[in-house]
Amino acid sequence: MLRWGSAAATGLGQKLVPLVQTICVRGQKQKSRFPGNLLQRWHIPVEFQMTRQMASSGASGNKIDKSMLVLIVGLSSMGAGAYAYMTVKEDQKRYDERISGLGLTPEEKERRDSLSVPETRAQIKAPTHAPFLLIGGGTAAFAAARSIRARDPGARVLIISEDPELPYMRPPLSKELWFSDDPNVTNTLRFKQWNEKCLIATGGTPRNLSAIDRAGPEVKSRTTLFRKIGDYRSLEKISREVSSITVIGGGFLGSELACALARKARTLGTEVIQLFPEKGNMGKILPEYLSNWTTEKVRKEGVKVMPNAVVQAVGVKSGKLLIKLKDGRKVETDHIVAAVGLEPNVELAKTGGLEVDSDFGGFRVNAELQARSNIWVAGDAACFYDIKLGRRRVEHHDHAVVSGRLAGENMTGAAKPYWHQSMFWSDLGPDVGYEAIGLVDGSLPTVGVFAKATAKDTPKSATEQSGTGIRSESETESEASDIDIPPSDAKTPQSLIKGEDFGKGVIFYLRDKVVVGILLWNIFNRMPIARKIIKDGEEHEDLNEVAKLFNIHED
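Residues numbered from 1 in each chain as written. Predicted model: local features only at pLDDT ≥ 70, side-chain atom pairs only at ≥ 80, totals over all residues. Heavy atoms only, no water.

Draft legend 1. Spatial organisation of the pairing of strand β23 (residues 382–386). By the criterion of burial, β23 is predominantly enclosed, with four of the five residues buried. Bridge count between strand β20 (residues 363–364) and β23: two bridges; the pairing is parallel. Residue Phe363 lies in a different strand from β23, and its bridge partner there is Ala382. In this sheet, strand β24 (residues 390–393) lies alongside β23 in antiparallel orientation, the contact comprising four bridges. Paired with Phe384 across the bridge in β24 is Arg392. Between β23 and the antiparallel strand that follows it, β24, lie three residues. (Buried < 20%, exposed > 50% of the residue type's maximum accessible area, 1.4 Å probe, protein only. Helix = DSSP H or I, 4+ residues; strand = E, 2+ residues; numbered from the N terminus. Pairing = 2+ DSSP bridges.)

Draft legend 2. Main features of the nonpolar core. Core analysis: the largest hydrophobic core is formed by 33 residues, its most contacted members being Leu286, Leu290, Leu519 and Trp521. Of all the secondary-structure elements, those providing two or more residues to this core are β12 (244–248), α8 (252–268), α9 (288–300), β26 (433–438), β28 (504–511) and β29 (514–521). Looking at this core, the element that brings in the most residues is α8, giving six residues. Both domains that meet at this core, namely domain 2 (207–342) and domain 3 (423–549), each give it at least three residues. (Core = buried A, V, L, I, M, F, W, Y, C linked by side-chain atoms within 4.5 Å. Domains from an automatic or database assignment.)

Draft legend 3. Representation of the side chain of Gln421 in the model. Locating Gln421 in the fold gives a position in the loop between α11 (397–411) and β25 (423–427). With relative accessibility at 2%, the residue Gln421 sits in the buried group. Of the polar contacts made by the side chain of Gln421, one reaches the side chain of Arg392; its length is 3.1 Å. Setting aside residues no more than four positions away along its own chain, Gln421 makes contact with Asp386, Lys388, Leu389, Arg392, Ile437, Gly438, Arg531 and Ile534. (Polar contact = N/O pair within 3.5 Å; in protein donor to acceptor, adjacent residues only side chain to side chain. Contact = heavy atoms within 4.5 Å.)

Draft legend 4. Up close: helix α3 (residues 139–151). The terminal C-alpha atoms of α3, which comprises 13 residues, lie 18 Å apart, in line with the 18 Å expected from a rise of 1.5 Å per residue. Within the span of α3, buried status applies to Ala141, Phe142, Ala145, Ile148 and Arg149. Axial view of α3: buried residues confined to an arc of 125 degrees, hence all on one face. Relative to its buried face, α3 has exposed residues pointing more than 90 degrees away, namely Ala140, Ala150 and Arg151. (Expected span 1.5 Å × (residues − 1). Arc of directions from axis to C-beta.)

Draft legend 5. Broad picture of the environment of Val303. Locating Val303 in the fold gives a position in the loop between α9 and β14 (304–306). Each C-alpha atom, one on Val303 and one on Ile273, is 5.8 Å from the other, the two residues being 30 residues apart in sequence.

Draft legend 6. The packing of aromatic side chains, seen in detail. One pass over the full model with this rule turns up six aromatic pairs. A network of ring pairs unites the aromatic residues Phe252, Trp293, Phe424, Tyr434 and Trp521 as a single cluster. Between Lys535 and the ring centre of Trp419, over which it is positioned, the NZ or CZ distance is 4.4 Å. (Phe/Tyr/Trp six-rings, centres within 6.5 Å; stacked < 30°, edge-to-face > 60°. Lys NZ or Arg CZ within 6 Å of the ring centre and 35° of its normal.)

Draft legend 7. The arrangement of the sheet that holds strand β9 (residues 198–200) in detail. Strand order in the open sheet formed by three strands is β9-β22-β21, with mixed pairing between adjacent strands. Where the open sheet ends on each side, the last strands, each with one partner, are β9 and β21 (370–372). Strand-to-strand twist across the sheet, computed as the mean angle between neighbouring axes with direction ignored, equals 35 degrees. In this sheet, strand β22 (residues 375–377) lies alongside β21 in antiparallel orientation, the contact comprising two bridges. Within β22, the position partnered with Arg372 by the bridge is Ile375. (Axes fitted to C-alpha atoms, helices over the stretch in contact; angles between N-to-C directions.)

Draft legend 8. How the structure looks around the side chain of Ser426. With respect to the element layout, Ser426 can be found in strand β25. For Ser426, a relative accessible area of 0% corresponds to the buried category. At 2.6 Å, the side chain of Ser426 and the side chain of Glu256 are in polar contact.

Draft legend 9. Spotlight on the pairing of β12. The buried fraction of β12 is high, at five of five residues. Taking every second residue as pointing to the same face, both faces of β12 are buried, with Ser244, Thr246 and Ile248 on one and Ile245 and Val247 on the other. Sheet topology places β12 next to strand β13 (residues 271–275); five bridges connect them, and they run parallel. If you follow Ser244 over to β13, its bridge partner there is Glu271. What joins β12 to β13 is α8, and the crossover it makes is right-handed. Pairing analysis gives four bridges linking β12 to strand β18 (residues 335–338), with the strands arranged parallel. Bridging from a neighbouring strand, Ile248 pairs with Ala338 of β18. (Right-handed = clockwise from strand over helix to strand, strands pointing away.)

Spelled out as C-alpha cells, the structure:
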C-alpha cells in the first residue's frame with residue numbers, strides 16, 4: 001500500500017469515528033446529528049418489571065411476634081422495591097445520556113449539557129425483525145455491514161455492540177494518530193489515509209538532444225520541448241516573432257509541427273526547417289516508398305526538409321543558433337523545437353519497489369495492467385503484455401483512454417486482460433492523414449494496396465463528417481463483429497509501384513505471415529475492421545482481397 005505524503009491535500013484525511021454515517025433513533029424533539037443512513041442502529045431501552053412477590057414467613061418455632069414479622073418484612077419489601085425502582089430509573093437516565101452523546105466531542109457534549117432541558121423521552125422499541133443481525137461493532141462487523149449494503153442498498157442492518165463508539169479502525173490508535181501534527185487530534189480523530197489501491201499514470205517527459213543538453217543556457221532557453229499547453233502557447237507566440245524555426249525529429253510530432261508551422265509561415269514569411277536522421281518523414285513507421293512520397297508532400301507544404309541529418313553540436317553565433325551536423329552541414333536558425341521522443345516517468349519505481357522494463361522502458365505490468373499487488377499502471381508509463389502482440393509500450397492518446405479505463409475497472413475487481421488494440425492517427429495538413437493500429441514498424445515486411453483518392457478522402461473531410469477533432473473518441477471500443485473475406489479476383493488492383501500517386505490505401509504489416517499492424521492512408525472510420533483482423537490473428541492468402549473490406553475502390 002502507498003501512503004500519501006501531503007497532509008495539506010484536500011480529501012486525504014480520514015475520520016476515525018465514524019467510518020460510516022449512521023442514524024441514531026431518538027425522541028421526536030431530538031434529531032440525529034448524522035445525516036446519512038448507511039447503517040441503522042436501534043437502541044433498546046432497559047425495561048424491568050417486578051414480577052416476583054417479595055414475601056416470606058418465619059421458620060417454625062420462631063418466637064418473634066408474627067404480626068411484627070409481617071410488618072418488618074413488609075417494610076423491607078417496600079424499601080427494596082423503592083430502591084430497585086430508583087436504580088432502574090437512574091440506569092435508564094444514564095443510558096439515555098450515554099446514547100445521546102455518541103460521536104460528540106467534549107466541547108459538543110458540554111454545549112449540549114448547558115442547553116439541555118428536562119424532557120420526556122419516547123420509548124423506542126427494538127425492531128421485531130432485522131434481516132441482518134451483526135453482534136459486535138468492530139472492524140469485521142462494519143466491513144460486513146458495508147458489504148451487505150453495497151450488494152443490497154436497501155438492506156436493514158442491526159448492529160449490537162457494547163462499545164459506546166461508532167464503528168472505527170483500531171490500528172490508527174497505536175500508529176497514525178500518534179504522529180499527527182494536529183493539536184486537536186484527540187477530538188477530530190483524523191489522520192493521513194493509507195490507500196488500499198493505487199494507479200500510476202505519470203506519463204512521460206519529452207527527450208532532449210544530448211547536443212542541446214551540453215550547450216549553454218542561451219541555447220536551452222531558445223529550445224522548445226513540445227508537450228503541454230504552455231509549450232503550445234509559447235511556440236505560437238515565438239512563431240510570430242522569429243524569422244526561422246527548426247524542428248528536429250521526423251516522427252509523428254515533428255512532422256505535424258513542421259507542416260503546421262509552415263502553413264502559418266505562409267502569411268508571416270517565416271522559414272521552417274525540419275531535419276532528422278531517417279531517410280524520409282516517418283521513416284520508422286512507413287515503408288520506404290511511402291516515407292519518400294510523404295517527404296515530398298511535406299516539402300510542398302513549405303517545409304525545408306533535411307533527411308539523413310544527425311546533430312553533432314549546437315551553439316550561438318552572431319545572435320543565431322548554429323546547428324552543426326555530423327556530415328559537416330550547418331543550419332542557422334532562431335529557435336529549435338526538439339521532437340525526439342518521450343521518456344517515461346518511472347521515478348516511483350525505486351521507492352515503490354516496481355520493475356522497469358529494460359527493453360521498452362516504463363513500469364512492467366501484466367495483461368491486467370497490474371505492476372504488483374494493489375498497484376496498477378496506465379498510459380505512456382505502462383509497459384504491458386499484449387495478449388496478441390506480446391510486450392509493448394504505447395505513447396498515444398487512444399491508448400491512454402483505454403488503458404486508464406481498464407485499470408480503473410480492474411482496481412474494482414474486474415480482472416480483465418488488455419485485449420483492446422488502441423489506434424493512433426496523424427495529419428500532415430488538411431489533405432494527408434492516416435490512422436493506424438497494432439505493430440506499425442517500418443522494419444517489418446509490408447503489403448500496400450492503394451487507389452485513387454477523392455475529395456472525401458482527407459482528414460479535413462473526415463473531421464467535418466464526424467463533428468469531432470479527435471477521431472478516436474467515437475471508435476475507442478469498437479470492433480467489427482464479423483468479417484467475410486471476398487473470394488480472390490485476378491482483376492483486383494495490386495500494390496501501386498513507386499512514383500504513383502498514393503491517394504488512399506491500406507498497408508498491412510506482417511510478422512510470420514500474420515497481420516500484426518494496419519495503417520489506413522486517407523481512409524477513415526474503418527478502424528473496427530482493422531481491429532478485428534488483428535485480433536483474429538489469421539494468415540491470409542491474398543491481402544488484396546482483405547483490402548476490399550475497407551472499400552478502398554469505391555468512389
